[in-house]
Amino acid sequence: IELHFNAIWCLAKAGKSKLSEKPYQIIVNPTLLKSDLRKLAVELEEDFIARFNELNIDEDYDVRCYDYTPTMSHIRKRTCEPNFLINERGANASIAASDYSRAQNDADLYAISVLTPRMLRKKVSREYEILQSKIEEFVASDGDLKAMALELVDLNTRINGLSEDD
């Protein structure tokens, strides 16, 4: 989703001077730590996604965020993914599980494949293009979404300008 937000931020930045009021205005206190700003960015991103999902009528393009622990790690990560990607991953895993249950020999087992994350993204690349245009359309037409996008840009710029000790 980060790729999509970057495009939103560029689109929103272009119209920033036209905004007279922002429902989301972040004032950074100099005593805030970088971790505090990251938490604030997550909250704002969640509000952005909730508003996008509210405007979007096609549930396949709704976005969900969740925490997970990657394989071979103990560090939890947060990710946001559109429903079409989540559904495609589930369908691919179901097909592989079904093939596994019907395997009768080693050759059958070796023939079973699960798409890698890269292959999965390539398979749904058209849906990502549609998602991108939906996001751009809603940011251009909805003042609240545009204001949130602008504040996310500003907040992430501030976060990236701080060192880890800040």
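Everything below is about the structure printed above this text.
Residues numbered from 1 in each chain as written. Predicted model: local features only at pLDDT ≥ 70, side-chain atom pairs only at ≥ 80, totals over all residues. Heavy atoms only, no water.

Novice: Explain the environment of Leu152 to me, using residue names and the numbers behind them.
Specialist: Take Leu152: it is sitting in helix H7 (residues 143–161). In this structure the C-alpha to C-alpha distance between Leu152 and Leu44, which are 108 residues apart in sequence, comes to 7.0 Å. (Helix = DSSP H or I, 4+ residues; strand = E, 2+ residues; numbered from the N terminus.)

Novice: Can you explain the state of the cysteines? Please cite residues and give values.
Specialist: Scanning all chains against the criterion turns up one disulfide. Here Cys65 connects covalently by a disulfide to Cys80, the sulfurs 2.0 Å from one another. Between Cys65 and Cys80 the disulfide shows an S-S torsion of about 105 degrees. By sign, it is right-handed. Here Cys80 lies in strand S2 (residues 77–82) and Cys65 lies in strand S1 (residues 63–68), a separation of 15 residues in the sequence. (Disulfide = S-S within 2.5 Å.)

Novice: Before we move on, can you summarise the nonpolar core with the specific residues and values?
Specialist: Among the nonpolar cores identified, the biggest contains 20 residues, and Phe48, Phe84 and Leu131 are the most heavily contacted of them. Mapped onto this core, the elements with two or more residues apiece are helix H2 (34–55), helix H3 (83–102), helix H6 (125–141) and H7. Top contributing element to this core by residue count: H6, with five residues. (Core = buried A, V, L, I, M, F, W, Y, C linked by side-chain atoms within 4.5 Å. Buried < 20%, exposed > 50% of the residue type's maximum accessible area, 1.4 Å probe, protein only.)

Novice: I'd love a proper account of the packing of H2 against H7, names of residues and values included.
Specialist: The contact between H2 and H7 brings their axes to 10 Å, and the two run at 160 degrees. With respect to their mutual orientation, H2 and H7 come out roughly antiparallel. Taken as a pair, H2 and H7 cross one another with a handedness that is left-handed. Only Asp144, Leu145, Met148, Ala149, Glu151, Leu152, Leu155, Asn156 and Ile159 of H7 make contact with H2, whose side of the interface consists of Lys34, Leu37, Arg38, Leu40, Ala41, Leu44, Glu45, Asp47, Phe48, Arg51, Phe52 and Leu55. Grouping the constituent residues of the contact of H2 with H7 by class yields 13 nonpolar, one polar and seven charged. (Axes fitted to C-alpha atoms, helices over the stretch in contact; angles between N-to-C directions. Parallel < 35°, antiparallel > 145°, perpendicular 65-115°, else oblique. Left-handed = near helix turned anticlockwise from the far one by under 90°. Contact = heavy atoms within 4.5 Å. Nonpolar A, V, L, I, M, F, W, Y, C, P; charged D, E, K, R; others polar.)

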